[in-house]
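Secondary and tertiary structure notes
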Amino acid sequence: MSENDNITVLVADDKRATRTLISKVLKREGYNVVEAVNGLDVLHLVSSASPRIILMDLQMPEMDGLTACTHLKQSPRNKQIPVLAFTGMEAGDTIDKVFEAGAEDFIVKPMNWQELLYRIQRLLSMSKLQQEKIEAERRLNISYKELRHLSLRLLTAFEEERERIARDLHDEVGMALTTLKLDLQLMGEELIAGNSELRSRYLATIDLVQGAINSTRNTAGMLRPPALENEDFCSAAQGLVESIQARSALRIRFHCSDDCRQLTRIVSLALYRCLQEALTNVRRHSQATEVDINFEMGKDDVKLRIADNGVGFDVSAALSSDSLGLKGMRERVNLLAGSLQIHSRPEQGTLIIFTVPIGGVEQ
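Parameters at a glance
Residues numbered from 1 in each chain as written. Predicted model: local features only at pLDDT ≥ 70, side-chain atom pairs only at ≥ 80, totals over all residues. Heavy atoms only, no water. Phe/Tyr/Trp six-rings, centres within 6.5 Å; stacked < 30°, edge-to-face > 60°. Helix = DSSP H or I, 4+ residues; strand = E, 2+ residues; numbered from the N terminus. Buried < 20%, exposed > 50% of the residue type's maximum accessible area, 1.4 Å probe, protein only. Axes fitted to C-alpha atoms, helices over the stretch in contact; angles between N-to-C directions. Parallel < 35°, antiparallel > 145°, perpendicular 65-115°, else oblique. Contact = heavy atoms within 4.5 Å. Nonpolar A, V, L, I, M, F, W, Y, C, P; charged D, E, K, R; others polar. Pairing = 2+ DSSP bridges.

Further remarks concern the packing of aromatic side chains. Inspection of every chain in the model, using the stated rule, returns one aromatic pair. Measuring from ring centre to ring centre gives 5.2 Å for phenylalanine 233 and phenylalanine 295, while their planes differ by 45 degrees; the resulting arrangement is tilted. Taken together, the positions of phenylalanine 233 in helix H7 (residues 233-246) and phenylalanine 295 in strand E7 (residues 290-297) put the pair 62 residues apart, joining distant regions of the chain. Grouping residues by exposure puts phenylalanine 233 and phenylalanine 295 together as buried.

Put simply, helix H3 (residues 65-74) and helix H4 (residues 94-101) touch, their axes get as near as 8 Å, and they point 25 degrees apart. The angle between H3 and H4 places the two elements in the roughly parallel class. Across the interface between the two elements, Leu66, Cys69, Thr70 and Lys73 of H3 pack against Lys97, Val98 and Ala101 of H4. When the residues that make up the contact of H3 with H4 are grouped by side-chain class, the tally is four nonpolar, one polar and two charged.

This brings us to the sheet that holds strand E3 (residues 53-57). Taken together, five strands build an open sheet; the order of strands is E2-E1-E3-E4-E5 and the sheet is parallel. This sheet does not close on itself; its edge strands, each paired only once, are strand E2 (32-36) and strand E5 (105-108). Along the sheet, successive strands turn relative to each other by an average axial angle of 20 degrees, direction set aside. Here four bridges tie strand E1 (residues 8-12) to E3, and the two strands are oriented parallel to one another. By the bridge assignment for E3, valine 11 is matched with leucine 55. Relative to the sheet, helix H1 (residues 16-28) contacts E1, E2, E3 and strand E4 (83-87), its axis offset from that of E2 by approximately 170 degrees. Its contacts with the sheet place H4 against E4 and E5, and it is angled at close to 145 degrees to E5.

Structural data, given as structure tokens:
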């Protein structure tokens, strides 16, 4: 049994003698051969015959080979079938037209049969490699989607765990500290009467407990902003901006003119975390005094722009380093099929643009 037995070759030529001769040569090599008399015949037979390769004369009545080839390559189903064109005319500009029409190769009559068989084998090998490449890309794309969905589920689980910890901090640790402060205040009136040294220590302890309460509330708020419970990114972002301004010398202008309540929970969380990380980087590294934040919603996506007047940095070096903050922001938007752009130069400030589809991706 020949390795060519399952390979069908469609041979198109209006001259029966040429078709017969080519068919004889191909059948001797084990190929299955289907014959067509013109370009229209090729277009009719290609679906039923399922050829692996098409040999087609350029000069045929009703529809010539160039026109037929153009139609074939415009069809998503048939464009992967390699076409070997041939003609008895002088080559001249014909070769350019053949390749413009989409044919993979060209041979001039009278043919050298060994050369013809070689070119057929070469085109079949190339076609097989192309099909394998397409299949590999398809499987890779499926694997990438599965990996992205898994990463999204892990990210969601991570955020849910943060929410649980924030709730425990607020409800248990926060309440315990508040109760301790009240108990200290009640006992203090009796214990410190007339004792100025004890009173000073008592007041310091009260301040320490109040500091612990404030720290617990701040940590709980950073872990899980209450405003995001209703998927209101703008409210949560405004709260974050006010919190950072209260603890730094930064002047932050936040502009959000659109109703962001239609954002999904995962998109709101991703944008909030990216904004949180970006502002943290500004405070720690940029030496900036002003930050402009603009949030806008388009038809299909949302954009979050963060610009500062700081010292800037080398973007390429930062992205290739171990900077977990930048990598974390990029991974978050990539998981949502979004993009991250960073424009920065030393002493010229930094602009960061997050673009994310409004609905994110299906989980």
